[in-house]
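# Coordinates in review
Listed here are the chains, written in short residue letters.
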Amino acid sequence: MRKEQREANRAHLKRWPLIITTSILLIIAIATTAMLANTQNVDVDATVVNVRQGPGLSYGVEGQVTHGTQLAIIDKQNSWYKVRMPGNRVGWVASWLVNNNEATTGAAKSGVTTAAVNVRASSTESASKLGSLKAGAAIKVVYQEGAWSQIIYDGTAAWISSKYVKLSGTSTTVSTSDQAVASASAAAAANLTVKTKRTANLRHTAGINGSVAKELPANTSLAVVGESGDWYEVKTSDGTTGYIASWVVSTPSNGASTATSTSLAEATIVLDPGHGGSDTGALSTTNKYEKTYTLKTAEAIRSALAAAGANVVMTRSNDSFVSLAKRPKIAHQVKADAFISIHFDSTPDTNEASGHTVYYYSSKKDISLARNLNVALKGVGTPSRGIEFGDFEVLRDNKQPSVLLEMGYINDDTDFSKIQTTAYQQKVANDVVNGLRSYFESGSR
């Protein structure tokens, strides 16, 4: 072989590793692009969501993400998403605390019951019975862990024994109002140990009206033995059992809370933005919808309450229709300490009335809440029309302390010039927080 040909062959062989490497990188780039194109994103729906080291509440917390944070789904396991967070960190979040961007409803698993089964309020045999299902009943399974399955039942989140559940292998959708209910019922917390973020009350029963068993100092370790709504049933190191609000405790890596130690910081508040979806509510003189401003005002109140340490549940968090019957059911399911429905009034003819009104239904259950909010709202910027009895379904069918706020007349130009501003919405929010704080501190619940 001639010398020139041998050198040409050697040069050709030297190029092959470069060609192979370039091809591999090209393939990886194409695959990565395809993967990113198909990446499914979710937005954090709850105020704060713990990011865990594995798919379950028994795993340690490695951080938190706040409402509105967008996360990329990497993997799914049971009802948990493995996600990539801002900063390229990876962890697991509960699927029922985030909303899928691909649709306006969340996903659930379709299934049927294999035998007649009791439906219970929480994941224990001793929990109160909500009803029963016949064999073959179609169900939407939101979450499964251990021996229990969480389902949507009669507009609320409920529990049945997993041994009577047969999944079909297909998915279905859950309305945003049902998601609000489901997200307020935490999953079973077996083997979970928590610590108090600050001085907190251990109570004999779940809810801030439960009598106090003892006061626990900050950083007290507690073993979780069960749940009731948003409250953990816990055992102390000396064997004392009781209930504590889930949002005043954390795993050690959660960090400390800046919320002050008040009853409001232990409370669950349901905010109900009136109307939504096809139900537009009343109109302004410029044809602006009431539903738009009830949601904006409720969002402002939610942010202010969360900053005060309260646990907040929204009956809707977007422009979706929620039936009147479902709204008080959400309050029942989460054992709300207060339910506040946000509306704006209207008159048959424009520019006939002005001001805000606080409505109540029960003179025993609701009146104290109404009085405290009425006092707090005196200087909100619209004339106070005082407290009135209101025969509204969201109040009449509500077992929890509840009020309906008409925060101005939307078809009065003077009132609407305030209603549509961020400044007014924030003033309403601050006054509602102050009214609730006075309500809880008064002890007249």
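Just above sits the structure.
Residues numbered from 1 in each chain as written. Predicted model: local features only at pLDDT ≥ 70, side-chain atom pairs only at ≥ 80, totals over all residues. Heavy atoms only, no water.

## Describing the overall build of the protein
Along the backbone of the protein there are 8 helices and 27 strands. In the protein, which comprises 445 residues, the share counted as buried stands at 50%. Once local pairs closer than 6 in sequence are excluded, the contacts in the protein between residues at least 24 apart make up 66%. Put simply, the protein shows about 20,300 Å² of open surface, and 51% of that area lies on carbon and sulfur atoms. (Helix = DSSP H or I, 4+ residues; strand = E, 2+ residues; numbered from the N terminus. Buried < 20%, exposed > 50% of the residue type's maximum accessible area, 1.4 Å probe, protein only. Contact = heavy atoms within 4.5 Å. Areas by Shrake-Rupley, 256 points an atom, 1.4 Å probe, with all protein chains shown as cover.)

## Quick word on the packing of helix α3 (residues 290–307) against helix α8 (residues 422–442)
With their axes 8 Å apart at the nearest point, α3 and α8 run at an angle of 50 degrees to one another. On the basis of the axis angle, α3 is oblique to α8. Crossing of α3 over α8 shows right-handed handedness. Mapping the contact onto sequence places Tyr-293, Lys-296, Thr-297, Ala-300, Ile-301, Ala-304 and Leu-305 in α3 and Gln-425, Gln-426, Val-428, Ala-429, Asn-430, Val-432, Val-433 and Leu-436 in α8. (Axes fitted to C-alpha atoms, helices over the stretch in contact; angles between N-to-C directions. Parallel < 35°, antiparallel > 145°, perpendicular 65-115°, else oblique. Left-handed = near helix turned anticlockwise from the far one by under 90°.)

## Things to note about the packing of aromatic side chains
Within this structure, the stated rule accounts for 5 aromatic pairs. Taking 5.3 Å as the distance between ring centres and 90 degrees as the angle between the ring planes, the aromatic pair formed by Tyr-359 and Phe-392 counts as edge-to-face. You can see Tyr-359 sitting in strand β25 (residues 356–360) and its partner Phe-392 sitting in the loop between β26 (384–389) and α6 (393–396), a full 33 residues away along the chain. By relative accessible area, which is 15% here, Tyr-359 ends up buried. Summarising the aromatic geometry, the rings of Tyr-360 and Phe-389 are spaced 6.3 Å apart at their centres and angled 80 degrees between planes, so their arrangement reads as edge-to-face. Taken together, the residues Tyr-360 in strand β25 and Phe-389 in strand β26 connect sequence positions 29 residues apart. Looking at Tyr-360, the relative accessible area reads 16%, which means it is buried. An aromatic cluster is built from Tyr-360, Tyr-361 and Phe-389, whose rings are joined through pairwise contacts. (Phe/Tyr/Trp six-rings, centres within 6.5 Å; stacked < 30°, edge-to-face > 60°.)

## Here we look at the pairing of strand β23 (residues 311–314)
Here is the key point about a regular strand: its side chains alternate between the two faces of the sheet. Judged by which residues are buried, β23 turns out to be covered on both faces: Asn-311 and Val-313 on one side and Val-312 and Met-314 on the other are all buried. As judged from the 4 bridges shared by strand β22 (residues 268–273) and β23, these two strands associate in the parallel manner. The partner of Ile-269 across the bridge, within β23, is Val-312. Handedness of the crossover joining β22 and β23 through α3 is recorded here as right-handed. (Pairing = 2+ DSSP bridges. Right-handed = clockwise from strand over helix to strand, strands pointing away.)

## Thoughts on the nonpolar core
Within the largest apolar cluster, 58 residues are counted, with the highest numbers of intra-cluster contacts made by Ile-244, Ile-269, Leu-305, Ile-340, Leu-405 and Leu-436. The element contributing the most residues to this core is α8, with 8 residues. If we skip the residues at most four places from it in the chain, Ile-244 touches Thr-196, Ala-200, Asn-201, Leu-216, Leu-222, Trp-231, Tyr-232, Val-234 and Val-249. (Core = buried A, V, L, I, M, F, W, Y, C linked by side-chain atoms within 4.5 Å.)

## Examining unusual backbone geometry
Peptide bonds are mostly trans, and most non-glycine residues show a negative phi. In this model, Asn-287 sits at a positive phi of 65 degrees, which is unusual for a non-glycine residue. Positionally, Asn-287 belongs in the loop between β22 and α3. Under the relative-accessibility criterion, Asn-287 is labelled exposed at 55%. Phi angles above zero are rare outside glycine, and Asn-351 is one such case at about 55 degrees.

## Quick look at the environment of Lys-195
Of note, Lys-195 is situated in strand β15 (residues 193–196). With a relative accessible area of 27%, Lys-195 lands in the partly exposed category. Along the primary structure Lys-195 and Asn-219 are separated by 24 residues, whereas in three dimensions their C-alpha atoms are 5.2 Å apart.

## Comments concerning the sheet that holds β26
One open sheet accounts for 6 strands, arranged β23-β22-β24-β27-β25-β26; its pairing is mixed. If you trace the sheet from one side to the other, it starts and ends with β23 and β26, each paired once. Across this sheet, the average inter-strand angle for adjacent strands is 20 degrees, counted without regard to direction. Bridging between β25 and strand β27 (residues 402–409) involves 3 bridges; their strand directions are antiparallel. Opposite Thr-357, over in β27, you have Glu-406 as the bridge partner. The sheet contacts of α3 involve β22, β23 and β24 (338–345), and relative to β24 the element is tilted by about 145 degrees.

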